[in-house]
Amino acid sequence: MTMSHSRPDGAPSAGFDAASVPSSALVEFAGRQRWYAGRSERVSNARFEAIEDSIGAAKLGELVVHVEDGETQRYFLPLVRAAEGAAATSLDAGPAGGLLADGARDPAFAAAVVALLAKGEGEGGALVVHRSRATADRLAAVADVPTSDIKVLSGEQSNTSVGVGQLGILKFYRRLRDGEQPELEVTAFLTDRSGFTNAPALFAWLELRRPDGSHTAVAALFERVANRGDAWGVVTDDLVADLSGSQITHERFDAGATLGRRTGEMHAALARKTGDAAFDPEPLDAASLGRIIAEARTEAGEALDVLAREAERSPELKGEIDRLLAARGEIDAWFAGFPADEAGGWRTRIHGDYHLGQVLVSGADAVILDFEGEPGRPLAERRAKTSPLRDVAGMLRSFDYAAFAARDRLGSDAGEPARAASDAWRERTSAEFLKAWEAASGVSLSSAANMKLLDLFVLQKAFYELRYEAAMRPAWLSIPLRGIVSLLEKRQVLR
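Only a predicted model underlies this, so the values are computations on that prediction, with no experimental measurement involved. (Residues numbered from 1 in each chain as written. Predicted model: local features only at pLDDT ≥ 70, side-chain atom pairs only at ≥ 80, totals over all residues. Heavy atoms only, no water.)

Draft legend 1. Layout of the overall build of the chain. Scanning the chain from terminus to terminus reveals 15 helices and 16 strands. Here the C-alpha radius of gyration of the chain, 24 Å, is about what a compact globule of 495 residues would show, namely 23 Å. For the chain, with 495 residues in total, the buried portion stands at 51%. For the chain, the accessible surface area stands at approximately 21500 Å², while carbon and sulfur atoms represent 50% of it. Computed over 58 positive and 72 negative side-chain charges, the separation of the two mean positions in the chain equals 1 Å. (Helix = DSSP H or I, 4+ residues; strand = E, 2+ residues; numbered from the N terminus. Rg over C-alpha atoms; globule rule 2.2 N^0.38 Å. Buried < 20%, exposed > 50% of the residue type's maximum accessible area, 1.4 Å probe, protein only. Areas by Shrake-Rupley, 256 points an atom, 1.4 Å probe, with all protein chains shown as cover. Lys, Arg positive; Asp, Glu negative; His and termini not counted. Charge placed at Lys NZ, Arg CZ, Asp CG, Glu CD.)

Written as structure tokens, this is what we have:
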């Protein structure tokens, strides 16, 4: 749907030429943005590639970053004329373009996108609107929200999220991946076909279709759910209060039972047979289980390679590091000896990046969001069906992190009593979560094969965390390290 507009005051200057924006300015600008994933890459050049359609005052385009010896990266970048004080999100487009800013952070541009989604015109241009069948009346209400009530939300990471009053969240996908966006697929399925109501409804989304036939989602509008924060903040705040003996004045969130029930219901909804090949469950056969084992085994080996280089930098952990490295052969043998012939159950679509930060606490209830999967993985991997136990493992690891974070906030004076109390909370909450999840999902955890598969996913997640912490937060390296040691001790891989 090609839309024409006169040039409002917020538009780039009439002489703006996308091709004239200096590569150096684009690279410097990208390096200051939280959504840019190429900070560690060597960039050969960058360019602004215009999108022929327009929305409101913005000049639409893709920031195309050419990485030396790597994959070309594309980012959605609407440009508007920079306002006063927009230096952090602005770039100098040269004499003809002037100072421009990231339009995804501009309320007027967000309002124009919502209006376009509500209007829902058909195909015809580079931008195509898709709308949920179940939410047309609610979408119209979001479109009536005044621009003064539209605000960029804090805490953005790989994307940019904008609050549209109290009714909607407009999410701009910054790093563009060609193909079907998992978050839109899964949320549309849950919204229109599953009956699961503990995820924000998907109202509509905007897709870019290029002349070469490739396509990618650039924006989506979701329901905004009243909440008191994500489960990570709520759970850790409550745990800090418990450990310090402070009084909790609000309603306590029952993390184990509530999250277990809602997670199990989500997995049961995603396991429904509807005739849609992208969602219908498939058997967890020996071949698919073999691929799961091989991936986990490889990640464990790579993490141990990283750990070997960390021993000198983390002397306080040397005993545990040496112990784990000395058992490298036994660890590999545990993965290699995993009984692929014990395959059973089903592979389904899952959340894919599940932890406390992906859940909103709404009253005493939980609302699950962000079904993108791990942003660093290719779309094909994020869309692949696998065991729902992978999500279960992610939440169990998140409980471990919450216990550590609460102690960390109390400081070293908290001592051994705080460690014992937080460990007891983690064990109790994990047990309640598993009990409620089993009842709601219909997946038996009394099966030895399922419990061993859960162990595999927990270990794989902890080895992934180990690599992440070594690179990004060495002070937190002990969390996955001790989680790995504890589980391997329980399974008698470490003696």
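Additional details are given in the paragraphs that follow.
Draft legend 2. Geometry of a nonpolar patch on the surface. A surface patch of nonpolar side chains, amounting to about 310 Å² of accessible area, comprises Y464, Y468 and M472. One can find Y464 in helix α14 (residues 448–472). Among the residues examined, Y464 registers a relative accessible area of 35% and is labelled partly exposed. (Patch = residues over 30% accessible without salt bridge, like charges linked within 9 Å, V, L, I, M, F, W, Y side chains within 5 Å. Salt bridge = Lys/Arg side-chain N within 4 Å of Asp/Glu carboxyl O.)

Draft legend 3. Fine view of the sheet that holds strand β4 (residues 79–81). The strand order across the open sheet formed by 3 strands is β4-β6-β5, and the pairing between neighbours is antiparallel. The open sheet has two edge strands with one neighbour each: β4 and β5 (90–92). Shown here is a sheet whose adjacent strand axes are inclined to one another by a mean of 40 degrees, direction ignored. Relative to strand β6 (residues 99–102), β5 is paired through 3 bridges, and the arrangement is antiparallel. When the bridges of β6 are listed, L91 appears paired with L100. Across the face of the sheet, helix α1 (residues 23–31) comes into contact with β5 and β6 while running at roughly 165 degrees to β5. (Pairing = 2+ DSSP bridges. Axes fitted to C-alpha atoms, helices over the stretch in contact; angles between N-to-C directions. Contact = heavy atoms within 4.5 Å.)

Draft legend 4. Quick look at the packing of aromatic side chains. Overall, the coordinates contain 12 aromatic pairs when judged by the stated rule. Pairing F189 with F279 gives two aromatic rings, centres 4.2 Å apart and planes at 5 degrees, and the pair type is stacked. Of the two residues, F189 is situated in helix α5 (residues 182–194) and F279 in the loop between α7 (255–270) and β13 (282–283); the sequence distance between them amounts to 90 residues. The buried category is assigned to F189, whose relative accessible area is 1%. Where F399 meets W425, the ring centres are 6.1 Å apart and the plane angle is 85 degrees; that geometry is what we call edge-to-face. Placement of the pair is F399 in helix α12 (residues 389–410) and W425 in helix α13 (residues 415–441), with a sequence separation of 26 residues. By relative accessible area, F399 is classed as buried at 0%. On the basis of relative accessibility, which here comes to 11%, the residue W425 falls in the buried class. (Phe/Tyr/Trp six-rings, centres within 6.5 Å; stacked < 30°, edge-to-face > 60°.)

Draft legend 5. Region of the structure containing the pattern of salt bridges. All chains considered together, the criterion is met by 45 salt bridges. Overlapping salt bridges, with partners in common, bring together R397, D400, R407, D423, R426, E427 and E465 in one network.

Draft legend 6. Region of interest: unusual backbone geometry. Phi at D69 takes a positive value of approximately 55 degrees, unusual for a residue other than glycine. Take D69: it is sitting in the loop between β2 (61–67) and β3 (73–76). According to the relative accessible area criterion, D69 is exposed, its value standing at 87%.

Draft legend 7. Just the sheet that holds strand β12 (residues 215–223), in detail. The sheet built from 6 strands is open, its strands ordered β7-β11-β12-β10-β9-β8 with antiparallel pairing. If you trace the sheet from one side to the other, it starts and ends with β7 (127–131) and β8 (150–152), each paired once. Pairwise comparison of adjacent strand axes, ignoring direction, gives a mean angle of 20 degrees for this sheet. Here β7 runs beside strand β11 (residues 202–209); their pairing, made up of 5 bridges, is antiparallel.

Draft legend 8. Local environment of the environment of Q492. Turning to its location among the elements, Q492 is positioned in the segment after α15 (478–490). The class of Q492 is exposed, set by a relative accessible area of 51%.

Draft legend 9. Quick peek at the environment of A340. Of note, A340 is situated in the loop between α10 (328–336) and β14 (346–347). For the pair A340 and A439, spaced 99 residues apart in the sequence, the C-alpha separation amounts to 26 Å. Leaving out residues up to four positions away in the same chain, A340 has contacts with A286, L289 and I293.

Draft legend 10. Region of the structure containing the side chain of R382. Within the secondary structure, R382 sits in helix α11 (residues 379–383). Judged by its relative accessible area of 12%, R382 is buried. Only 3.1 Å separates the side chain of R382 from the backbone oxygen of E372, close enough to count as a polar contact. Those residues in contact with R382 that lie beyond four places of it in its chain are R177, Q181, P182, E372, G373, E374, P375 and R377. (Polar contact = N/O pair within 3.5 Å; in protein donor to acceptor, adjacent residues only side chain to side chain.)

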